[in-house]
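Structural features, examined
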Amino acid sequence: MRSPLDELIAARPAFGGSTEAEELVSITHRSLRKGDIDWLEVGAGDGGNLRYLMSELSAGRTFRVIALEPAAPAGRIEGATWLKLRVEDYRPDRQFDWMNVRHSAYYMDDPVAEMWRLSSSLRPDASIALTHWSRDCVLHRLHVAICGDQVDGPTSGIEDIAQRLMSVGGLDVSDIERTETVLNVEHVAEDDEVASALYELARRGHTPLDPVANRAERVRDMLAAMPDPGRRLNGVMVIRRAR
Ligand SMILES: C[S@@+](CC[C@H](N)C(=O)[O-])C[C@H]1O[C@@H](n2cnc3c(N)ncnc32)[C@H](O)[C@@H]1O
């Protein structure tokens, strides 16, 4: 069976390039102090987006990075320690100045519980930046269409995660900063990998799926019936421990 990373890499041409890269740089730049920074990257993927963030934020900062990634081979970024781990299995042995969770919470058993647990390893004034799809994102709408009414916590929208984090207490959650990019709808129609990635995600969300003969065709039909099928909407929020 392929890993989530394999699925996503295969589907990347249709999902589009790096979304919200500039927004994430600006949010991190605003909130992260200068100096020596202990950084935790949760679900680092192939490291490309992390490498970009580091290079854009490097003025006045030196990074010591722990990169968690259950699927990718280790050691792609200088100065980073790669751990082949799911976040659920990670027991921090240090405090961090910044944690970046970019499009990896979909795969966690319970992202709210994980954010809460990770927050106990934040230094005072340190933060977690969580990037996740919005309820209105075309990918989330496709996900809901595949799962029916069975969509559960991990794969719900960033708005739902924010609400749940606030109701847990003990954390301050910023407003969600929204970003919009375009899904290459024509490419999705030609590329079976997107259907495969979405069905894999639905299966990881513990949704019992009906067997479907032609998943790609079904995804194409769902997209064709959808208003605004090109709208990829994501959100970024910053989570801190309440004082
Ligand atoms: C959509 S990719 C995002 C990669 C990277 N953060 C980026 O922005 O390019 C999600 C990543 O999370 C990883 N992942 C899956 N389950 C995870 C878990 N339980 N804990 C941490 N990472 C996980 C996947 O292997 C995949 O590489």
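Right, let's walk through the structure included here. Computed from a prediction, not measured in an experiment: that's the story for all the values here. (Residues numbered from 1 in each chain as written. Predicted model: local features only at pLDDT ≥ 70, side-chain atom pairs only at ≥ 80, totals over all residues.)

For the rest of this paragraph, the subject is the overall build of the chain. Of regular secondary structure, the chain possesses nine helices and eight strands. A burial count over the chain gives 40% of its 243 residues as buried. Restricting the contact set of the chain to residue pairs at least 6 apart, pairs at least 24 apart contribute 80%. (Helix = DSSP H or I, 4+ residues; strand = E, 2+ residues; numbered from the N terminus. Buried ≥ 20, exposed ≤ 12 C-beta atoms within 10 Å, placed from the backbone. Contact = placed C-beta atoms within 7 Å.)

To continue, consider the packing of helix 8 (residues 192-204) against helix 9 (residues 215-224). Direction vectors running N to C along helix 8 and helix 9 enclose 90 degrees, while the axes themselves pass 8 Å from each other. Classified by the interaxial angle, the pair formed by helix 8 and helix 9 is roughly perpendicular. Residues Asp 192, Val 194, Ala 195, Ser 196, Leu 198 and Tyr 199 of helix 8 touch helix 9, and the partners they reach there are Arg 215, Ala 216 and Val 219. (Axes fitted to C-alpha atoms, helices over the stretch in contact; angles between N-to-C directions. Parallel < 35°, antiparallel > 145°, perpendicular 65-115°, else oblique.)

What follows is about the pairing of strand 4 (residues 96-102). Burial analysis of strand 4 places seven of its seven residues in the buried class, the great majority of the element. Relative to strand 4, strand 1 (residues 35-42) runs parallel, the two sharing three bridges. Along strand 4, the bridge assignment pairs Trp 39 with Trp 98. In this sheet, strand 5 (residues 122-133) lies alongside strand 4 in parallel orientation, the contact comprising six bridges. From the neighbouring strand, Val 101 faces strand 5, where its bridge partner is Leu 130. Handedness of the crossover joining strand 4 and strand 5 through helix 4 (residues 111-119): right-handed. (Pairing = 2+ DSSP bridges. Right-handed = clockwise from strand over helix to strand, strands pointing away.)

Glancing now at the site of the ligand. Taken together, 21 residues lie near the ligand, and Gly 43, Gly 45, Arg 86, Ser 104 and Tyr 107 sit nearest. For the shell around the ligand, the per-class residue count stands at 11 nonpolar, six polar and four charged. (Near = placed C-beta within 6 Å. Nonpolar A, V, L, I, M, F, W, Y, C, P; charged D, E, K, R; others polar.)

Among the 12 residues that make up strand 5, nine are buried, leaving the element largely enclosed by the rest of the structure. Sheet analysis places strand 5 next to strand 8 (residues 231-241), joined by six bridges and oriented antiparallel. Bridge pairing in strand 8 places His 132 opposite Gly 235.

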